[in-house]
Number of protein chains: 2
Amino acid sequence: MNQSINYIGVVRSSLKNLKDCPRQESENAPEATLDIFPEFKQGISDIEKGDELIIFSWLHHADRTVLKTKPRNEEHAKLTGIFSTRSPDRPNPIGMHVAKVISIDDCRIRLSQLDVLDGTPIVDIKPVI
Amino acid sequence: MNQSINYIGVVRSSLKNLKDCPRQESENAPEATLDIFPEFKQGISDIEKGDELIIFSWLHHADRTVLKTKPRNEEHAKLTGIFSTRSPDRPNPIGMHVAKVISIDDCRIRLSQLDVLDGTPIVDIKPVI
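Every value quoted in this text rests on a predicted model; they were computed, and no experiment measured them.

Visitor: I'd like to hear about the interface of chain B and chain A, residue by residue, with values.
Guide: Contact with chain B, which involves 45 residues of that partner, is made by 45 residues of chain A. Of all residues in chain B, Q3, F83 and R86 of chain B give up the largest surface area on contact with chain A, accounting jointly for 17% of the area buried on that side. On the surface where chain B and chain A come into contact, there are four salt bridges. Where D124 of chain B meets R90 of chain A, a salt bridge forms, and the shortest distance between an N and an O atom there is 3.0 Å. Counting across the interface, chain B meets chain A through 32 residue pairs in polar contact (both at pLDDT 80 or more). Those elements that provide at least two residues to the side of chain B that touches chain A are β1 (2–6), β4 (52–58), β6 (80–81), β7 (94–105) and β9 (121–127) of chain B.

What follows is the structure, given as structure tokens:
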């Protein structure tokens, strides 16, 4: 059983390769920009500078067949069920990221930090409450 | 641009109708059970009693065309861009819920609270970190 997930925008970031990415969001993730597609513009009309947002990305390079994994660079660690990890390789590769809005201009939202690669699709945005 | 999202399980809950649902998760959401589909069983093998989880549901009754909304039961409120709200009606109706594991038995995970309707599909589970 499935439905389609539709991209609402895309990330513009200085992170161009997986090896550039911090292993945890807290480790110096750079600022980034969300380019929201014009057909979703009404949906971001109340987002303002200073808002704290939860950004949901779609980690499109993920291996969606993985059910057990071990941490990157820890070859001897034990295999762990994927739903006890934050690994991007999972059946539905939804990434979840918290960031603050630095500025918003038309369909471009500048964020304080984002640990995803340039070109990653965005699928949802929710306010932190 | 889109990809398919695959259901990994389904919610079993005493909440059978939208009018039974609390308006905010914190308002007395009842215990609930996740029935994980057998093909994803390996993925939950490290989930244990007491774990705090983030459950991602797919709110399949949502209206995916909505870009502006007002709070339920507040007819005179102003219309707000959907990405500044937690409304289930949104382009990709991903629900996000935090709960504690009460017990786990094979593919059934009993949770401390969940504010979604019986029969709602589950699409991801992540640990709270």
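Visitor: Residues and numbers for the confidence of the model for chain A, please.
Guide: The pLDDT averaged across chain A works out to 92; a share of 93% of its residues lies at or above 70. On the interface metric, ipTM, the complex scores 0.92, and its pTM is 0.93.

Visitor: Tell me what's going on with the sheet that holds strand β2 (residues 9–13) of chain B, and back it up with residues and numbers.
Guide: Residues and elements named next belong to chain B. Strands sit in the order β2-β3-β8-β7-β4-β9 around a closed barrel of six strands; the barrel is antiparallel. Averaged over neighbouring strand pairs, the angle between their axes works out to 45 degrees when direction is ignored. Sheet analysis places β2 next to β9, joined by two bridges and oriented antiparallel. Of the residues in β9, the one forming a bridge with G9 is I122.

Calculation rules
- Residues numbered from 1 in each chain as written.
- Chains lettered and ligands numbered in written order.
- Predicted model: local features only at pLDDT ≥ 70, side-chain atom pairs only at ≥ 80, totals over all residues.
- Heavy atoms only, no water.
- Contact = heavy atoms within 4.5 Å.
- Buried area = accessible area lost by both parts, 1.4 Å probe.
- Salt bridge = Lys/Arg side-chain N within 4 Å of Asp/Glu carboxyl O.
- Polar contact = N/O pair within 3.5 Å; in protein donor to acceptor, adjacent residues only side chain to side chain.
- Helix = DSSP H or I, 4+ residues; strand = E, 2+ residues; numbered from the N terminus.
- pLDDT = per-residue confidence, 0-100.
- Pairing = 2+ DSSP bridges.
- Axes fitted to C-alpha atoms, helices over the stretch in contact; angles between N-to-C directions.

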